[in-house]
Amino acid sequence: MEITDAICSFCGSLCDDLTVKVEDNKIVDVRRACRLGAGKMLGHERINSPMIRNEAGKLEEVSSDSAIDRASQILLHAKRPLLYGWASTSCEAQSKGILLGEILGAVVDSTASVCHGPTTLGVQEKGLPTASLGQIKNRADLIIFWGCNPIHAHPRHMSRYSGYLPGFFLDRGRQNRKFVTVDVRMTETAAISDEFLQIEQGSDYVVLSSLRAIINGKGDLVPDVVGGVSKEELMHLSDMMRSCRFGAFFFGMGLTQSKAKYKNIDCALSLTNDLNTRTKFVITPLRGHYNVTGFGQVCSWQTGFPAVDLSRGAPYYNPGEMSANDLLMRDEVDASLVVASDPAAHFPNASVRNLAKSPLIQIDPYANATTEIADVVIPTAIVGVETEGTAYRMDGLSLRLRKLVDSDYPSDEEILDKIIKKVSRNGDVC
Amino acid sequence: MSELLIKNGRVFDPINSINGDIMDIAIKNGKIVDDVSLSPNTKVIDASSMIVMPGGVDAHSHIAGSKVNSGRIMRPDDGRSGIEKRTKITRPCSGYTVPNTFAMGYRYAKLGYTTVFEAAIPILHARHTHEEFGDIPIIDKGGLVLFGSNWQVMEAVRENDIEKLAAYVAWGLSASRGYGVKIVNPGGGEAWGFGKNVSGLHDTVPNFDVTPAEIITSLAKANEMLHLPHSIHLHCNLLGTPGNYKTTIETMKLLEHIKPGMDRQVVHITHLTFNAWGGTNWGDFESKADAVADYLNQHDHVTVDMGQLIFGNATTMTADGPMQYANARLLNARWTNGDVELEDASGVVPLSYIRKMYIHDIMWAVGLEVALLTRNPWQVLLTTDHPNGGPFVNYPEVIALLMSAQKREEEMLKLSNKMRDRTTLSGIERELDWYDIAIKTRASHAKILGLTDHGKGHLGAGADADVTIYHINPDRVDAGREHATVKKAFEKPAYTIKDGEVVAMNGEITATPAGRTFWVNASVPEEHNTRLMRDLRLKFRKYYSINLANYMVQDNYVKHPVVIKAGGS
């Protein structure tokens, strides 16, 4: 059986043009996907069974009911539970997560807080002048990649949205467009760009500010060298920006997680805003996990905020105080539920130590570093492969991921629903 | 919930010409019934000395979808201003101008509204709108779909192929599970793709060789060819620009000779607060609401809504991308932009309307002038273009202003003198009555949307049992003088009843059923569909960033649909 128009649930590009060959309920071939996407869809090692860590400290296989029972008990008895992750699951599961958070009075936070969280903070300062990826494909004659390397992280981004394909107004595709990469090191993306600006580590803010100064007619204030780049190069880049018909600025964690963090984003957003007095310019964060954008969307429409502390019974949001790492660093969390992510591999050591100290429940199709410190492990179906669900592409486009094969695993949504039923009081909204 | 009797209320049901009669309203299985002899255990609500109206209907509000959520994402400051805790039956709430989805449903219900239409859905993003609809409790919903800068539309207009255009409109409504045709700054969204705008009705849209006037008239013809329940719903060109009243009136004139395919207006022109402006710049800015009202008084093919300005915080959100960039630069405000490939643009800009800033004062007057100077109450809907003019929770304030010349005078004392000089408001003595208010807050909304035959906006037998009971005695209260009492009564209806179930009482939510979603399924002759699909397949292959197979809103997202059939002859 061949399934066409399948959507890849690997990265935030959500390529929706895959053809998947299924034989005996097994995916045997994936066409058009990149190696990352195909690798996920063709399958690799999974968690076999629900597990609970026994007194000897070993994970021991148990029934699904026992695992859900134990998970519910842990959460019910926690005073400061943290529900974290959510980047690689469906909006439907994220929605259940927020409801669970309400019932428990928990903090609900996503992987964005260690990734594109600063992007959201920048947007709160300046707004987000953006466009759908198809708009960029059809119109952009200048594409800037800043602090990102899509060739590795989003392998089909350039061939689908940001460069190679012809668009309505650019019938020769790549030949009609100029690529500029700004990064601290030579990357594969930089290597195929028309221009590469190698800036010093941590100088993004000053370089962006200098470009703003030049574009706003204050170029004489810019020193001869900024962030290791000559003023001539900056003048040249700002000329390119001003003279294009439609510019698109893509950025990654090189901008969000380097020195100055959200101020970098604030500055890039302001630069984009300024450029629109002269031409058309848009800016789009290259979001990593396939539905990390979706969590920001769902949490915002359900609670008003992109992450939320529900311990007061009402939404409370104060990043820097209630984000996952703030709580863990202060050793406030006394139980955690990690869904579809791997904080043990990505959080600072001190956070992980505190995470490991109290009971930890993991819901995930795959084993990862977090499994090693989990007390209850519940394996689930892979969204977009074994179960359907909604995900948001990096530009905020909602898509319905397909189910390609049957699975015995329950979905994240089903597991969360069972936990919700166990922890909620009779008659309460759930 | 099977039976309910509302006894002895003063009923205002304009669609059935009931003007304050003392009547009983009987409800059975979610519908209004004629037979008031219900079974002995029927629940009875004593509504004596209270006003009974059909549930409120809002034909133009921005309640769900990518624009609204962009507003939430960029405005945690707004989120913090409307915090309410979770209760046994309600989810937690946040926000004032951009409330979370739960608050959206609860607050409308607490205000006596039971049906609300989202005013701008790009087809590409319709799935998102329906996801949010699914999380808005209680109220029934529907959505207007953006067609005004759409490539397929402009190509059909250029070819003067109204049949193919109608086929696309039908397809677009089906793809988005949408209800009607919205046009925002026609052609401007496309021009904004390269940072430009169109300068008026007869300017040419770059690269497409059509004019806004042609887009509007062609879409109106297609709309009537399809016999859609609602007319085209239009946000005029040059909105937000001094002197734009001329374009607004010229737009109305364009459509004088189009024959409606249904018993209703040919065009609904929205939020007049922003496009009945005179002057040539911000210095000589003045109201021209009188000129627009004059036109409305002589023509019945147009309906409008106020889009009333409310002093304080607003979040402006519209598909009018170029206007929003101009706004953001003018005010040095945060700016979110969202171009939608092949379809339209959009922008979101938070702002505050400030008393004594004469431009805002004049805008405040414009909405009221349009409503008060237009003689036919059915022609002007009460809206705030939520949250552009201000949040919908302020409707009671607008009701009180419309019912009381004294309140208007009291308000004007707080405003600049320029407002008095450059508007006609201080000379207007008209005070609307309860019947007028029932028209402007429900009956006319339902009629304009084409929903009266589908059970909305009235209390005739067979209508949906959506009823609001207000704690105010029209015999005792002189609305002109006791405007504070009026405002209070409309802020907290005694009962909001949805499908026969009491969903809110005195400002508290009592039940949270899921609402339905109206959408229009219009059929067109197969030959036109075939021609259309040839075009669309090419567009998806070459220009869209997703495949056709993943584009249409799947049924999973519309859990309680009401499908209204249209099309054919």
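- Naming follows an unreviewed UniProt entry, where chain B appears as Formylmethanofuran dehydrogenase subunit A of Candidatus Ethanoperedens thermophilum.

- The name recorded for chain A in an unreviewed UniProt entry is Formylmethanofuran dehydrogenase subunit B, from Candidatus Ethanoperedens thermophilum.

**Regarding the interface of chain B and chain A**
Now for step 1: Contacts between the two partners involve 59 residues from chain B and, on the opposite side, 69 residues from chain A.
Now for step 2: Summed over both partners, the interface of chain B with chain A buries about 5,400 Å², with 49% contributed by carbon and sulfur atoms.
Now for step 3: The largest per-residue losses of area from chain B upon contact with chain A belong to R86(B), F194(B) and W335(B), which jointly make up 13% of the total buried on that side.
Now for step 4: On inspection of chain B and its partner chain A, the count reaches 6 salt bridges.
Now for step 5: Note that D274(A) is salt-bridged to R329(B), the shortest N-O span being 3.3 Å.
Now for step 6: Our enumeration of links across chain B and chain A arrives at 47 residue pairs in polar contact (both at pLDDT 80 or more).
Now for step 7: The set of elements that each furnish at least two residues to the side of chain B that touches chain A consists of helix 1 (66-74), helix 2 (76-79), helix 3 (101-110), helix 4 (126-134), helix 7 (188-192), helix 11 (321-331) and strand 16 (336-339) of chain B.
Now for step 8: Partitioning the side of chain B that touches chain A into residue classes produces 22 nonpolar, 20 polar and 17 charged.
Now for step 9: Two elements, strand 8 (residues 129-131) of chain A and strand 16 of chain B, share 3 bridges in a ladder whose sense is parallel. Residue pairing for strand 16 of chain B: T130(A) is matched across the bridge by G338(B).

**Side note on the pairing of strand 6 (residues 81-85) of chain A**
Residues and elements named next belong to chain A.
Now for step 1: Within strand 6, 5 of the 5 residues are buried, leaving the element largely enclosed by the surrounding structure.
Now for step 2: Side-chain alternation along strand 6 places P81, L83 and G85 on one buried face and L82 and Y84 on a second face that is also buried.
Now for step 3: With 4 bridges connecting them, strand 6 and strand 7 (residues 107-110) associate as parallel partners. For L82, the partnering residue across the bridge sits in strand 7 and is V107.
Now for step 4: Following the backbone out of strand 6, through helix 3 (residues 91-104) and into the adjacent parallel strand 7, one traces a crossover that is right-handed.

**Topic: the sheet that holds strand 9 (residues 142-146) of chain A**
All names here are of chain A.
Now for step 1: Strand order across the open sheet formed by 5 strands is 11-10-9-14-15, with parallel pairing between neighbours. Looking at the sheet topology across the chains shown, the edges are occupied by strand 11 (195-198) and strand 15 (280-285). Strand-to-strand twist across the sheet, computed as the mean angle between neighbouring axes with direction ignored, equals 15 degrees.
Now for step 2: Relative to strand 11, strand 10 (residues 178-183) is paired through 4 bridges, and the arrangement is parallel. Its bridge partner lying in strand 11, V182 is registered against L197.
Now for step 3: Helix 12 (residues 262-275) rests against strand 14 (246-251) and strand 15 of the sheet, and its axis sits at about 155 degrees to strand 15.

Parameters at a glance
Residues numbered from 1 in each chain as written. Chains lettered and ligands numbered in written order. Predicted model: local features only at pLDDT ≥ 70, side-chain atom pairs only at ≥ 80, totals over all residues. Heavy atoms only, no water. Contact = heavy atoms within 4.5 Å. Buried area = accessible area lost by both parts, 1.4 Å probe. Salt bridge = Lys/Arg side-chain N within 4 Å of Asp/Glu carboxyl O. Polar contact = N/O pair within 3.5 Å; in protein donor to acceptor, adjacent residues only side chain to side chain. Helix = DSSP H or I, 4+ residues; strand = E, 2+ residues; numbered from the N terminus. Nonpolar A, V, L, I, M, F, W, Y, C, P; charged D, E, K, R; others polar. Pairing = 2+ DSSP bridges. Buried < 20%, exposed > 50% of the residue type's maximum accessible area, 1.4 Å probe, protein only. Right-handed = clockwise from strand over helix to strand, strands pointing away. Axes fitted to C-alpha atoms, helices over the stretch in contact; angles between N-to-C directions.

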